[in-house]
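Each chain is listed here by its residues.
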Amino acid sequence: MAKEKEHLNLAFIGHVDHGKSTLVGNLLVKAGTINEQQLASGEDKFRFIMDTTKEEQERGVTIDLAHQKFSTKKYDYTVVDCPGHRDFVKNMITGASQADAGVLVVAADDGVMPQTKEHVFLSKTLGINQLIIGINKMDLVDYSEDKYNELKEEVSNLIKTVGFNPADVPFIPLSAFEGDNIVEASGNTSWYKGPTLIEALDALSAPDKPTGLPLRIPIQDVYSITGVGTVPVGRVETGIMKKGENVIFEPAGASGEVKSIEMHHEQFDVAEPGDNIGFNVRGVGKNDIRRGDVAGHVDNAPTVAKQFDAQIVVLQHPGVITVGYTPVFHCHTSQVACTFLELSKKLNPATGAVDEENPDFLKTGNAAIVKIQPTKPMCLENAKEIPQMGRFAIRDMGQTVAAGLCLNVTPAK
């Protein structure tokens, strides 16, 4: 069998009406993943490929992370069309954490919006280290080179503040609707000499699979399958799991030998990072484990946090956050209410320097280091050691109020 191409997850990020869905739709058509006949007619035809739920089509807003695949000569890509509306920042957090690279879409007629800044900052916090900038809707500004240069400078200054070097980042003038510079260089922007979007994508570097890190599989669901038994399902975030090894689920504490590993209805002996698997463990029953548990090797079990220190960014909170605040933390597949025990340091959000020790409160826009205590056992790792298991979103009142990284864990045992 021919070696499979390397795979990249792409997050499309940017302000809500800047044309991300249209761009992704057109890209999928041009890459041959879908044909034009499958498209709805009219203005929004490309969008509806990504905006699949009825509610989204009516609102004209992308909600779910639509996973669409396409291939070029070099890579197989999965597109994570990250929603741009504020109440979808949580999707972006759980979505972007799966992304290897980001395409930031900025509309030429609209420029950098407050949300654009937030998304760039978040993407970086969430581990996206490769970026492509698409300056979209060039057709609405008559393909003006001046407009392009003006935006390029504005976006360069923005991405510099979070540590990207604009010299390493392609800025591509695009029209998602007309198709300029997506696959072929466009005659409308003869002044532009850089890569098209597809060329820029193929110039990205594939991620190293974190096979050398300890095994961590956050459990998404637990099924009972006739003839097999209990089958937990999840995505291998880090490490390698082999048939016959002993694994433990934390915080549940159940453990046993891996009897089988299945992917896409085929049996495998080994699972590695990125694999979505179902597996069966001897002696572990349906009531022993649940969504939010994490599987790891018995000799290097997932860490159960008694308390942890975290660096957070407050994205939107109607009031102030003080000691004692107990919102819900979404980390990998778990959702646990956690209490703020201490506001240790307030940071400058652009530079990370300490602005104030032990502030009395935090509000929207603040970055801080805080001490947190889960109200019930949850698995979490130091983001420096296992980044995939150290990120979280904080939700309250139906919105994402903050996002963060775990700096240090005090284990429960």
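K.L.:
Describe the overall build of the protein, and please don't skip the residues or the numbers.
P.N.:
Scanning the protein from N- to C-terminus turns up seven helices and 23 strands. Looking at the protein residue by residue over its 413 residues, the buried ones come to 52%. A sequence separation of at least 24 residues applies to 70% of the contacts in the protein between residues at least 6 apart. Just so you have it, the protein exposes about 18100 Å², and 47% of that area is on carbon and sulfur atoms.

K.L.:
If you had to explain the pairing of strand β20 (residues 367–374) to someone new, which residues and values would you point to?
P.N.:
Most of β20 sits out of view: six of its eight residues are buried. In terms of strand pairing, strand β16 (residues 304–314) meets β20 through six bridges, oriented antiparallel. Directly across from A310, in β20, lies its bridge partner V370. With eight bridges joining them, strand β18 (residues 334–347) and β20 adopt antiparallel strand pairing. Note that in β20 the partner of T339 across the bridge is Q373.

K.L.:
Pulling in residues and values, what's your account of helix α6 (residues 145–161)?
P.N.:
Here α6 contains 17 residues, and its C-alpha end-to-end distance of 25 Å stays within 8% of the 24 Å for a straight helix at 1.5 Å per residue. Immediately downstream of α6, the backbone of G163 shows phi near 100 degrees, a positive value.

K.L.:
Describe the state of the cysteines, with residues and values.
P.N.:
Overall, the coordinates contain zero disulfides when judged by the stated rule. Of all cysteine sulfurs, the one in C331 lies closest to C379, which takes part in no disulfide; the gap is 8.8 Å.

K.L.:
Talk me through unusual backbone geometry; I want residue IDs and the actual numbers.
P.N.:
Residue E250 is joined to P251 through a cis peptide bond whose omega torsion reads 0 degrees. Note on placement: P251 falls in the loop between β10 (246–250) and β11 (255–263). Positive phi, close to 60 degrees, is recorded for K137, a residue that is not glycine. Its place among the elements puts K137 in the loop between β5 (131–136) and α6. According to the relative accessible area criterion, K137 is partly exposed, its value standing at 22%.

K.L.:
Requested: an account of the packing of aromatic side chains, with residues and values cited.
P.N.:
According to the stated counting rule, one finds nine aromatic pairs in the structure shown. A ring pair is formed by F308 and F392, whose centres lie 6.0 Å apart and whose planes are at 65 degrees; its orientation type is edge-to-face. In this pair, F308 sits in strand β16 while F392 sits in strand β22 (residues 391–396), placing the two residues 84 residues apart along the sequence. On the accessibility criterion, F308 (1% relative accessible area) is buried. Taking relative accessible area as the criterion, F392 reaches 1% and is therefore assigned buried. Aromatic side chains F329 and F392 sit 5.1 Å apart centroid to centroid with 40 degrees between the ring planes, which places their arrangement in the tilted category. On the criterion of sequence distance, the pair formed by F329 in strand β17 (residues 328–331) and F392 in strand β22 is long-range, its members being 63 residues apart. What links up through ring pairs into an aromatic cluster is the set F308, Y325, F329, F340 and F392.

K.L.:
I'd like to hear about the nonpolar core, residue by residue, with values.
P.N.:
Counting residues in each nonpolar core, the largest one holds 49 residues, and the members touching the most others are F12, F70, I133, V155, I159, L197 and L201. Counting residues per element, the ones that place at least two in this core are β1 (6–14), α1 (20–30), β3 (75–81), β4 (101–107), β5, α6, β6 (171–173) and α7 (197–202). Each residue touching I159, except ones within four places of it in the same chain, is listed here: V120, L131, I133, F164, P166, V169 and F171. With 25 residues, the next largest nonpolar core counts A310, V314, F329 and V370 among its residues.

K.L.:
Could you give an account of the confidence of the model for the protein, with specific residues and numbers?
P.N.:
A residue-level look at the protein finds 81% of positions with pLDDT of 70 or above and a mean pLDDT of 83. Scored below 50 in pLDDT, residues 34–67 shows 76 contacts in the model against residues more than four places distant or in partner chains. When the criterion is pLDDT under 50, residues 83–88 qualifies, and its contacts beyond four places in sequence or with other chains add up to 24 contacts.

K.L.:
Which residues make up the pairing of β16, and what are the values?
P.N.:
Counting buried positions along β16 yields eight of 11 residues, so the element is predominantly enclosed. Where β16 and strand β21 (residues 378–379) come together, two bridges link them in antiparallel fashion. For A305, the partnering residue across the bridge sits in β21 and is M378.

Quick notes on the rules
- Residues numbered from 1 in each chain as written.
- Predicted model: local features only at pLDDT ≥ 70, side-chain atom pairs only at ≥ 80, totals over all residues.
- Heavy atoms only, no water.
- Helix = DSSP H or I, 4+ residues; strand = E, 2+ residues; numbered from the N terminus.
- Buried < 20%, exposed > 50% of the residue type's maximum accessible area, 1.4 Å probe, protein only.
- Contact = heavy atoms within 4.5 Å.
- Areas by Shrake-Rupley, 256 points an atom, 1.4 Å probe, with all protein chains shown as cover.
- Pairing = 2+ DSSP bridges.
- Expected span 1.5 Å × (residues − 1).
- Disulfide = S-S within 2.5 Å.
- Phe/Tyr/Trp six-rings, centres within 6.5 Å; stacked < 30°, edge-to-face > 60°.
- Core = buried A, V, L, I, M, F, W, Y, C linked by side-chain atoms within 4.5 Å.
- pLDDT = per-residue confidence, 0-100.

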